[in-house]
Amino acid sequence: MLQLVAGGIAFEAYPPLTGTDPFLASIPTEDWRPASWDTANADRRLDAEALSAVSRFSVFVNAEEGGAESGSVSVDAIRAVP
């Protein structure tokens, strides 16, 4: 899971982690949603105003029931483009 805090709101995106071949993940702004626990901001969307106030970016690898018990994830670069 990717998470960024913009304008005080945590937005999340879930790129696929299937397969073993390297790939480029591109996540459009409309695919980012407020964190599920932030019900007060459930209808907010990541927009230019929020993007001008990004204070944190995090990468999390979540366990999934029945998923892989080990593995690796490599990140070569992260960039935001308009």
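Each remark here, short or long, concerns the structure printed above.
Keep in mind it's a predicted model, so treat the numbers as computed, not measured.

Student: Which parts of the structure should I look at to understand the overall build of the chain?
Tutor: When helices and strands are counted, the chain shows 1 helix and 4 strands. Mapped in sequence order, the helices and strands of the chain form the string β-β-β-α-β. Along the first, second and third principal axes, the C-alpha set of the chain runs to 35 × 30 × 20 Å. Residue burial in the chain is summarised as follows: out of 82 residues, 23% are buried. Summarising the internal contacts of the chain: among those between residues at least 6 apart in sequence, 56% fall at separations of at least 24. Entry remark: accessible area of the chain is about 6,700 Å², with carbon and sulfur atoms responsible for 51%.

Student: Looking at this model, I keep getting lost on the layout of surface pockets. Mind explaining?
Tutor: It is a probe the size of a water molecule, rolled over the atoms, that shows where empty space is left. By volume, the largest pocket is sized at about 2,000 Å³. As for the largest pocket, its lining consists of 46 residues, and the residues nearest its centre are Leu2, Pro15, Leu17, Phe23 and Ala25. Contributions of two or more residues to the lining of the largest pocket are made by strand 1 (2–6) and strand 4 (54–59). In terms of residue count, the dominant contributor to the lining of the largest pocket is strand 4 (3 residues).

Student: Just checking my understanding: could you explain a nonpolar patch on the surface for this structure?
Tutor: On the surface, Leu17, Phe23, Phe57, Val59, Val61, Val73, Val75 and Ile78 cluster together into a nonpolar patch covering about 750 Å² of accessible area. Considering the arrangement of structural elements, one finds Val61 in the segment after strand 4.

Student: Before we go on, may I ask you to explain the nonpolar core in this structure?
Tutor: Side chains of a nonpolar character, in soluble globular proteins, are inclined to be buried together. If you look at the biggest cluster of nonpolar residues, it comprises 9 residues: Leu2, Leu4, Ala6, Ile9, Phe11, Ala13, Trp32, Leu46 and Ala50. Put simply, the parts of the chain that give this core at least two residues each are strand 1 and strand 2 (9–13). Every residue in contact with Phe11, bar those within four places of it in the chain, is listed here: Leu2, Gln3, Leu4, Ala6, Trp32, Arg33, Pro34, Ala35, Arg44, Arg45 and Leu46.

Student: So what exactly am I meant to see when it comes to the sheet that holds strand 4 here?
Tutor: Consider a sheet: its strands pair through backbone hydrogen bonds, and that pairing is either parallel or antiparallel. In space, the 4 strands of this open sheet follow the order 3-2-1-4, with antiparallel pairing throughout. The open sheet has two edge strands, strand 3 (33–34) and strand 4, and neither has a second partner.

Cut-offs applied
Within any chain, residue numbers begin from 1 and follow the written order of that chain's sequence. Whole-chain, interface and lining totals are the exception, using all residues; otherwise, since this is a predicted model, local features are given only for residues with pLDDT of at least 70 and side-chain atom pairs are given and counted only at 80 or more. Calculated side-chain values reflect all of the structure's heavy atoms, with hydrogen atoms and water omitted. What counts as a helix is a DSSP run of H or I of at least four residues, what counts as a strand is a run of E of at least two, and both are numbered from the N terminus. Partly exposed describes any residue whose relative accessible area lies between the buried limit of under 20% and the exposed limit of over 50%, with all areas from a 1.4 Å probe on protein chains only and scaled to the type maximum. Contacts are residue-level and defined by heavy atoms, with any inter-residue pair within 4.5 Å sufficient. Areas reported here follow the Shrake-Rupley algorithm with a probe of radius 1.4 Å; residue values treat only the protein chains shown as occluding. A pocket, in this scheme, is an open set of points on a 1 Å grid over the protein atoms alone with protein on both sides within 12 Å along at least 5 of 7 lines, while a cavity is a set where a 1.4 Å probe fits but cannot get out; residues line either one if an atom lies within 4 Å of a point. Grid points are joined across faces, edges and corners, and a volume is the space filled by probe spheres set on the points. Note on patches: the residues involved have over 30% relative accessible area and no salt bridge, like charges join within 9 Å, and the nonpolar side chains Val, Leu, Ile, Met, Phe, Trp and Tyr join within 5 Å. One side-chain nitrogen of Lys or Arg within 4 Å of one carboxyl oxygen of Asp or Glu is enough to make a salt bridge. As used in this record, nonpolar core signifies buried Ala, Val, Leu, Ile, Met, Phe, Trp, Tyr and Cys residues forming a set joined through side-chain atoms within 4.5 Å. Strands were regarded as paired on the criterion that DSSP finds at least two bridges between them.

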